[in-house]
Amino acid sequence: MKTKTINIMYWISTTLVSLMMIFSAYSYFANPEVKQGFQHLGFPDYFRIELAIAKILGAIILLLPTKSDVKEWAYAGFVITFVSAFIAHTASGDPISNRVGPIVFLLVLALSYFTYHKSKMVVNL
């Protein structure tokens, strides 16, 4: 794959994940329905605030040129977030439409991660 294609795929996938994380974090703060959703899933209210802050920080880390180790932690945190969201919605008996989103964004995150490492390999050659 060409370097330009890898970079385009990286920036599109990373921007999509980051925008989704920032939007969901905003919703965690501003949308009363999301607050009720956390209660429905059995999470305490403070977790909603912590998760919103973590999502904002993770999105910023993915978008900015930071140390590779810091990005790895952001990627790991988002993997945990998406897998946990899928499990929580499944365990709560939510419809499949609530379970698909985390899996789709997990795949987009995987594309971002793969292309991030692929672009670093090309640069190091």
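Refer to the preceding data block for the structure.
Presented here is an overview of the structure given in this document. (Residues numbered from 1 in each chain as written. Predicted model: local features only at pLDDT ≥ 70, side-chain atom pairs only at ≥ 80, totals over all residues. Heavy atoms only, no water.)

## What to know about the packing of aromatic side chains
What characterises a pair of aromatic rings is the spacing of the ring centres plus the angle enclosed by the ring planes. A full pass over the atoms with the stated rule returns 10 aromatic pairs. Ring-pair connections join several aromatic residues into one group, and the members of that group are Tyr10, Trp11, Tyr75, Tyr113 and Tyr116. (Phe/Tyr/Trp six-rings, centres within 6.5 Å; stacked < 30°, edge-to-face > 60°.)

## Some points on the nonpolar core
If you look at the biggest cluster of nonpolar residues, it comprises 12 residues: Tyr10, Val17, Met21, Ala59, Leu62, Ala74, Tyr75, Phe78, Phe82, Val108, Leu109 and Tyr116. Elements that contribute at least two residues to this core include exactly helix H1 (3-30), helix H3 (45-63), helix H4 (68-91) and helix H5 (96-124). What Tyr116 contacts, discounting residues up to four positions off in sequence, is Tyr10, Ser68, Lys71, Glu72 and Tyr75. Core analysis: the second largest hydrophobic core is formed by six residues, Ala25, Phe38, Leu51 and Ala52 among them. (Core = buried A, V, L, I, M, F, W, Y, C linked by side-chain atoms within 4.5 Å. Buried < 20%, exposed > 50% of the residue type's maximum accessible area, 1.4 Å probe, protein only. Helix = DSSP H or I, 4+ residues; strand = E, 2+ residues; numbered from the N terminus. Contact = heavy atoms within 4.5 Å.)

## Some words on H1
End to end, H1 covers 40 Å across 28 residues, agreeing with the expected 40 Å (1.5 Å per residue, within 8%). For H1, the set of buried residues is Ile6, Tyr10, Ser13, Thr14, Val17, Ser18, Met21, Ser24, Ala25, Ser27 and Tyr28. (Expected span 1.5 Å × (residues − 1).)

## What to know about H3
When the terminal C-alpha atoms of H3 are compared, their 28 Å separation across 19 residues agrees well with the 27 Å that a helix rising 1.5 Å per residue should span. Taken together, the buried positions of H3 are Arg48, Leu51, Ala52, Lys55, Gly58, Ala59 and Leu62. Along the axis of H3, the buried residues cluster in a sector spanning 135°; they form a single face. (Arc of directions from axis to C-beta.)

## Concerning the packing of H3 against H4
It is at 9 Å that the axes of H3 and H4 come closest, and there the two elements cross at 135°. One finds that H3 runs oblique with respect to H4. Remark: the crossing between H3 and H4 carries left-handed chirality. Only Val70, Lys71, Ala74, Tyr75, Phe78 and Thr81 of H4 make contact with H3, whose side of the interface consists of Leu51, Lys55, Gly58, Ala59, Ile61, Leu62 and Leu63. Along the lines of polarity and charge, the residues of the contact of H3 with H4 split into nine nonpolar, two polar and two charged. (Axes fitted to C-alpha atoms, helices over the stretch in contact; angles between N-to-C directions. Parallel < 35°, antiparallel > 145°, perpendicular 65-115°, else oblique. Left-handed = near helix turned anticlockwise from the far one by under 90°. Nonpolar A, V, L, I, M, F, W, Y, C, P; charged D, E, K, R; others polar.)

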